[in-house]
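This is what each chain is made of:
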Amino acid sequence: MKNVLFVLTSHEELGNTGHKTGFWIEEFAAPYYTLKDNGVTITIASPKGGQPPMDPTSATPDFETPATLRFNEDKNTQDALSKSLKLETINEADYDAVFYPGGHGPLWDLAEDKNSIALIESFYANNKPVSAVCHAPAIFKSTKNTDGTPLVKGKNVTGFTNTEEDAVQLTTIVPFLVEDMLKENGGVYSRKDDWHPHAVEDGLLITGQNPASSELVAELLLKRL
């Protein structure tokens, strides 16, 4: 039985817009069920613990998928989510891999969270997969290899594109652009057309471009496990 840690954002303010953000439901639900249906045990954590904030837009009918509809009816998973563990209590040794769902929230907290950074570096150093989708590759902003170079340097990666951020009109709101940051950190960035599924695996790193890529990332992680 494999154990995978899901790490979600605790951040809910969309910059200074007065709007709410958080994690994107499809990016949690699609990978969660892909892994769970294949016998993987999942533990959920977040910086503050408890209920991670959901991006309210991701709960609208426009963004319904089979996975989100299943989640809406799944009281057990909703209950587990509402009781996420505090990130500072998590020990990498207890898990076989880590997965980060996106949403805009991680740009503010997980990109700089010292517990998250230490966990990712520990997973990687111990030869365990680190996976992230959409905005969640923001987690690689400050993560390093043991030699002090950026973790993504020279690695094939993807994440939410500058043109996708522009399409949702948040380019000037977010603290940084995922595509730009990955490139600045030396990542070998690739992309497909906006909103098309695209996932990349390079060694222990598995990344996805956008919400539509969530299941692909989970499938690559499952194969890896």
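In this report, the structure presented in the accompanying data block is examined. Note that the structure is predicted; figures quoted are calculated from it, not measured.

## Quick notes on unusual backbone geometry
Non-glycine residue Q169 carries a positive phi angle of around 60 degrees. Mapping Q169 onto the fold places it in the loop between helix 5 (162-167) and helix 6 (178-184). In this structure, W195 takes a positive phi of about 70 degrees despite not being glycine. Mapped onto the fold, W195 is located in the loop between strand 7 (188-189) and strand 8 (199-202). Using a relative accessible area of 41% as the deciding quantity, one classes W195 as partly exposed.

## Focus: the pattern of salt bridges
Using the criterion set out here, one finds nine salt bridges in the structure. A salt bridge links E13 to K20; the shortest N-O distance between them is 2.6 Å. The class of E13 is partly exposed, set by a relative accessible area of 33%. By relative accessible area, K20 is classed as partly exposed at 39%. Where R191 meets D194, a salt bridge forms, and the shortest distance between an N and an O atom there is 2.6 Å. Among the charged side chains, a network of salt bridges with common partners joins E12, E13 and K20.

## Concerning the nonpolar core
Membership of the largest hydrophobic core comes to 35 residues, with the highest contact counts inside it found for L5, Y100, V130, I139, F140 and L182. For this core, the secondary-structure elements that each account for two or more residues are strand 1 (3-7), strand 4 (97-100), helix 4 (114-125), strand 5 (130-133) and helix 6. Counting residues per element, this core draws most heavily on helix 4, which supplies four residues. Beyond its immediate sequence surroundings of up to four residues, F140 is in contact with I120, V130, A132, L151, V152, M181, L182, N185, L205 and T207. A30, Y32, Y33 and V217 belong to the second largest nonpolar core, which has 26 residues in total.

The rules behind these values
Residues numbered from 1 in each chain as written. Predicted model: local features only at pLDDT ≥ 70, side-chain atom pairs only at ≥ 80, totals over all residues. Heavy atoms only, no water. Helix = DSSP H or I, 4+ residues; strand = E, 2+ residues; numbered from the N terminus. Buried < 20%, exposed > 50% of the residue type's maximum accessible area, 1.4 Å probe, protein only. Salt bridge = Lys/Arg side-chain N within 4 Å of Asp/Glu carboxyl O. Core = buried A, V, L, I, M, F, W, Y, C linked by side-chain atoms within 4.5 Å. Contact = heavy atoms within 4.5 Å.

Interpretation in functional terms is not warranted from these geometric data alone.
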